[in-house]
Amino acid sequence: MLKPLSVSQLSYYVTKIFEAEELLQNVKVYGEVSGLKDVRGNLYFNLKDEDSLMPCIMFGASSISFKDGDQILATGSLKYYAKGGKLNFYVTSAILNGSGLLYQKFVELKNKLELEGVFSDKYKKPLPEDVKTIGVITSQTGAVIHDIQTVSHRRNPSLNIIIYPAKVQGIGAESTIINGLKCLDKLPQVDVIIIARGGGSIEDLQPFNTENLAREIIKTNKPVISAVGHETDFTICDFASSLRAATPSVAAELVAKNVYEELNKILNNLQSITRLLFHLLDMKYERLDNSVEKISDKFIHKIKTKNSLFNQIVNKLSMLGDKFVIEKENSLKLLNSRLLLLNPVDILNRGWAKVYNNNKNVESVDNVTINDTLKIELKDGQILTNVVSKIKGGT
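These numbers were taken from a predicted model, which means no experiment stands behind them.

Peer 1: Can you walk me through a negative patch on the surface in this structure?
Peer 2: Residues Asp282, Glu286, Asp289, Glu293 and Asp297 make up a contiguous surface patch of negative charge. Looking at the element boundaries, Glu293 is found in helix α8 (residues 259–342).

Peer 1: Whenever I open this one, the sheet that holds strand β5 (residues 86–96) confuses me. Can you help?
Peer 2: Within a sheet, neighbouring strands are paired by backbone hydrogen bonds and run either parallel or antiparallel to one another. Around the barrel, which closes on itself, the 5 strands sit in the order β1-β2-β3-β5-β4 with mixed pairing between neighbours. Ignoring strand direction, the axes of neighbouring strands in this sheet form an average angle of 50°. Where strand β1 (residues 27–39) lies against strand β2 (residues 42–48), 6 bridges are found, and the strand directions are antiparallel. Pairing of Lys37 across the sheet is with Tyr44, part of β2. Set on the sheet, helix α1 (residues 7–20) makes contact with β4 (71–81) and β5; between it and β4 the angle comes to about 140°.

Peer 1: Whenever I open this one, the sheet that holds strand β10 (residues 243–244) confuses me. Can you help?
Peer 2: The 5 strands are arranged β7-β6-β8-β9-β10 in an open sheet whose pairing can be described as parallel. Only two strands of the sheet have a single neighbouring strand rather than two, namely β7 (160–165) and β10. Looking at chain direction, strand β8 (residues 192–197) and strand β9 (residues 224–228) are connected through 5 bridges and run parallel. When the bridges of β9 are listed, Ala196 appears paired with Ala227. Sheet contacts for helix α7 (residues 248–255): β6 (133–138), β8, β9 and β10; angle to β8, the most-contacted strand, approximately 165°.

How each quantity is defined
Residues numbered from 1 in each chain as written. Predicted model: local features only at pLDDT ≥ 70, side-chain atom pairs only at ≥ 80, totals over all residues. Heavy atoms only, no water. Patch = residues over 30% accessible without salt bridge, like charges linked within 9 Å, V, L, I, M, F, W, Y side chains within 5 Å. Areas by Shrake-Rupley, 256 points an atom, 1.4 Å probe, with all protein chains shown as cover. Salt bridge = Lys/Arg side-chain N within 4 Å of Asp/Glu carboxyl O. Lys, Arg positive; Asp, Glu negative; His and termini not counted. Charge placed at Lys NZ, Arg CZ, Asp CG, Glu CD. Helix = DSSP H or I, 4+ residues; strand = E, 2+ residues; numbered from the N terminus. Pairing = 2+ DSSP bridges. Axes fitted to C-alpha atoms, helices over the stretch in contact; angles between N-to-C directions. Contact = heavy atoms within 4.5 Å.

Okay, structure coming up:
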């Protein structure tokens, strides 16, 4: 039985095997560049084809002019990095070797679907005005779910999010994304669907660059937003969807109406309406004051007019009353004068006398006979006398 080895011993043994193998030294390898990074003048990238991927390191080569998606021919050696436990291809030189198979396939498929009208506006569905529930197709792990939930609930805490966990990379990813589309499209409460994943190399984004996915997207009844990769990444999914978002966070901003902005708008509108109402009330009060003042002026004028007319009538009545009194006084004086003239007492005062025979006025000598006793009434008394003779026809 072999003696147990330490990790370092085993790593050292593997390293020596790779160093001793001549076929792994100064090897020429061609493939497509992806995940290119420049770290302090050293290049880190992957070389890949449809079935395999090899991590590569090229020291002191930041001036090399190739980029993600380029097909290159690289010369270098395969070495085992013991401290990192990683097998890397250390590139000593590299030249361009075409534009990259995956990128060529992407362009060919894009052109084909575009000619067929798959990307036509007739398949684009408008976003609903009021989104209450969104369906999200993405990986169950990673920052995408957190970003969408954080942005959505910051803008609208009442928004519902239904997550369909899907593979977003590797074998089987395309089918789970399509299944997610079909599932969320059937849910009546879902208003819009977001297909999302973070950035990655062109091979990582392959599940989003398929013809089947594009055709499934345009068959959905609900609008689909593609939020795949970074802002500079473009996929077939982007072109087939109703809307493209640069990132998953941007997609969340597109569907989540900012209720706080809406509340502020409502408050601002209420303030504007309040100011307008107060302005209208001020105008109405001013008009009312003017109307009251005018009515008051008219009323006062009418009162003055009526008062003047009343005074005229009173004066006229007073004058008529005075005239009536004077006339009546004059009539009374005239009647009084007449009464005085007719007053028997007044006649007596003037030396006249009244003669009675048996208490009857003696108006004629025919009213008496000889020896009748007559009563003569004077102003200061009476006299009784007997008739001794009658003389008729004068004194």
